[in-house]
Number of protein chains: 2
Amino acid sequence: MKSSELPSAVNKLALSRLISEVENETSAGKTALDECFPRSGKAHLIGVTGAPGTGKSSLVNRLAQLIRRQGEQTVAIVAIDPSSPFTGGAILGDRVRMRDLSGDPGVFIRSMASRGELGGLARTTAGVVQLLDAAGYDLILIETVGAGQSEVDIARLAHTTIVVESPGMGDDIQAIKAGILEIADILVVNKADRPGIENTERALRANLDLGYSHRVNGKAGHGGYTEEKGVESEDWVPPVIKTIATEESGFPELIKAIADHRDYLHKTGLLAQRERERLMDEFEHLLRHTLVQNWKAQASTEQVSQVMDAVFSRKRSPASAVEELTRPSN
Amino acid sequence: MKSSELPSAVNKLALSRLISEVENETSAGKTALDECFPRSGKAHLIGVTGAPGTGKSSLVNRLAQLIRRQGEQTVAIVAIDPSSPFTGGAILGDRVRMRDLSGDPGVFIRSMASRGELGGLARTTAGVVQLLDAAGYDLILIETVGAGQSEVDIARLAHTTIVVESPGMGDDIQAIKAGILEIADILVVNKADRPGIENTERALRANLDLGYSHRVNGKAGHGGYTEEKGVESEDWVPPVIKTIATEESGFPELIKAIADHRDYLHKTGLLAQRERERLMDEFEHLLRHTLVQNWKAQASTEQVSQVMDAVFSRKRSPASAVEELTRPSN
């Protein structure tokens, strides 16, 4: 997007409202998504994930700021709020971010709260990202809390996944077990001025060797991409980059690694493949949702409540209840 | 279950085979579930969750051993294996556990691997737990890795949820943010002989105060159940219990807290309410799954692939594709 085409404040407001329609799954939102979809597919989608306390949000802010300072690319940030699935939670992020970035027309920021239903969030996040993509943002940073299934969902939604760690969180153990390193295209050790940085870095590189040889079925070692040389071979080896988000240390390397990964995806045809997988995934998500909605629209409330009463009193199993209630003759 | 009714080795084998049928969702497995369902609903379902490295598995083993030593109750363990969603993973747990517990006819142990599809795992775990319940096990310990959504799923599956932490993992921060404390009915600080135990315990109690006042809408303080007094009021305040799984330290207190929580659920009517929610949840899960299967069975492969090609080339949106492919006239 050229600077002359940057969304004005008015457009940003319109975009914000459209996003709310998509979040609430209104018919206006659905129509907007259908209409903008052919214009989407140009943005570079970047997932940023990591445990709470790793300084992920500051890193995302700083990254957006420095990408903008380079001047060519526009940036949208979608922050999936780490609110508890049980209590909801306050969204403070936006206001804090706004101070640093809101003056810039080339940056758009949106927080989305996780409302407990993970499937719903994945569905609407995909939609919001498509809107921002169609609106012409070059880079879309999707920030989520590093917690199990959500990383997997990012890996499916994003082209490039950045996993953020920081010293002294016991992350070495966490990381291996949760398989989080396996989804990382780029590893960032943030708060690199903290004590323990060497240990964290060493643990990450060691795990990375393990995870990497696993991922490529033992085919390759560490000969591929390295942070220092910037050399590429057929396999992508995730670089480990040390950053200090409160300064600018490490960010030029991070921005370069993001661009390198994008090039790698292009060259190898993986970009097209990931796009197809993403779309297939979104299709299946929507299919499930729609089939349930359609079933609910035609189901007899009386029959459902009779059958469920039999389930609650353990006279019949949930499976047999489903079988009766989905029988075609209904 | 009286000792005279304990499953014999032969019955255990039959049960193992039946569980495999349920895991593979065969028709034999479905029939077995339908038939055993009316006999289920008696077991106390206990979820045990915590980050890798907290010694969760040792704790579960020791707990089963000591419950058995008290002699009255039989125990089944369902361990959801912490394999990565991307690579699968080895199941070593069973063999290690077997050494300690397999001689006892009142203990049944089953590992289940997470095969990447979280919905599928939740579905089959519910079924396996029902089988074990119908088979007459008094306590069913469901052990999972503490990682985001999976805790939430346990909270829905279990009557009593135990969250395990250990010193020096930075868990204080992790816990608050991920909302894990909000699902805890009982908090265990394992490895209580490790340095840092005081900090971990203090952080947990502080967070618990926060989380608790949140949970009950600020109605109550810490006047309810406390570890020391064993007093109950209307609200349940999760006790914090220090254990050392390599010894037996803390386990009598833990076993008592489990029994107390069961009593609390009974007395307040929450047990019946949780049962209904669990069954409703299972019904909805199965409904989604069945509707998709039925749709696939009747869908025209040719039409689907035409529509999906249009999606892949961004001529039409995934949502409009779903709309066409689920239109009743199809």
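Quick caveat: nothing in here was measured; it's all calculated off a predicted structure.

(A) Molecular detail of the overall build of chain A. A count of helices and strands for chain A gives 12 helices and seven strands. Relative to its 330 residues, chain A shows a buried fraction of 44%. Sequence separation of 24 or more characterises 73% of the internal contacts of chain A that already satisfy a separation of 6 or more.

(B) Structural context of the environment of Thr200(B). Residues and elements named next belong to chain B. Within the secondary structure layout, Thr200 lies in helix 8 (residues 197–215). Assessed through the 25 C-beta atoms surrounding it within 10 Å, Thr200 is described here as buried. Considered as a pair, Thr200 and Pro167 are 33 residues apart in the sequence and their alpha carbons are 5.4 Å apart.

(C) Representation of the nonpolar core in the model. Ile140(A), Leu141(A), Ile140(B), Leu141(B) and Ile142(B) are the most contacted members of the largest nonpolar core, which has 137 residues in total. Leaving out residues up to four positions away in the same chain, Leu141(A) has contacts with Ile46(A), Val48(A), Val60(A), Leu63(A), Ala64(A), Val75(A) and Ile77(A).

(D) Region of interest: the pairing of strand 1 (residues 44–50) of chain B. All names here are of chain B. Of all seven residues making up strand 1, seven are buried, and the element is well covered by its neighbours. Alternating residues of strand 1 divide into His44, Ile46, Val48 and Gly50 and Leu45, Gly47 and Thr49, and every residue in both groups is buried. As judged from the seven bridges shared by strand 1 and strand 4 (residues 139–145), these two strands associate in the parallel manner. Following the sheet pairing, Ile46 is matched in strand 4 by Leu141.

(E) The arrangement of unusual backbone geometry in detail. Residue and element names in this part refer to chain B. Even without glycine at this site, Glu25 takes up a positive phi of about 50°. Phi at Arg314 is positive, roughly 60°, even though this residue is not glycine. Here Arg314 lies in the loop between helix 11 (301–312) and helix 12 (318–325). By the C-beta count within 10 Å, which is 15 here, Arg314 ends up partly exposed.

(F) Molecular detail of the packing of helix 3 (residues 56–70) of chain B against helix 9 (residues 251–268) of chain B. Residues and elements named next belong to chain B. Relative orientation of the contacting elements helix 3 and helix 9 amounts to 80°, with a least axis distance of 10 Å. With respect to helix 9, the axis of helix 3 lies roughly perpendicular. Across the interface between the two elements, Arg62, Leu63, Leu66 and Ile67 from helix 3 touch Phe251, Leu254 and Ile255 from helix 9. Considered class by class, the residues forming the contact of helix 3 with helix 9 number six nonpolar, no polar and one charged.

Cut-offs and rules
- Residues numbered from 1 in each chain as written.
- Chains lettered and ligands numbered in written order.
- Predicted model: local features only at pLDDT ≥ 70, side-chain atom pairs only at ≥ 80, totals over all residues.
- Helix = DSSP H or I, 4+ residues; strand = E, 2+ residues; numbered from the N terminus.
- Buried ≥ 20, exposed ≤ 12 C-beta atoms within 10 Å, placed from the backbone.
- Contact = placed C-beta atoms within 7 Å.
- Core = buried A, V, L, I, M, F, W, Y, C linked by C-beta atoms within 7 Å.
- Pairing = 2+ DSSP bridges.
- Axes fitted to C-alpha atoms, helices over the stretch in contact; angles between N-to-C directions.
- Parallel < 35°, antiparallel > 145°, perpendicular 65-115°, else oblique.
- Nonpolar A, V, L, I, M, F, W, Y, C, P; charged D, E, K, R; others polar.

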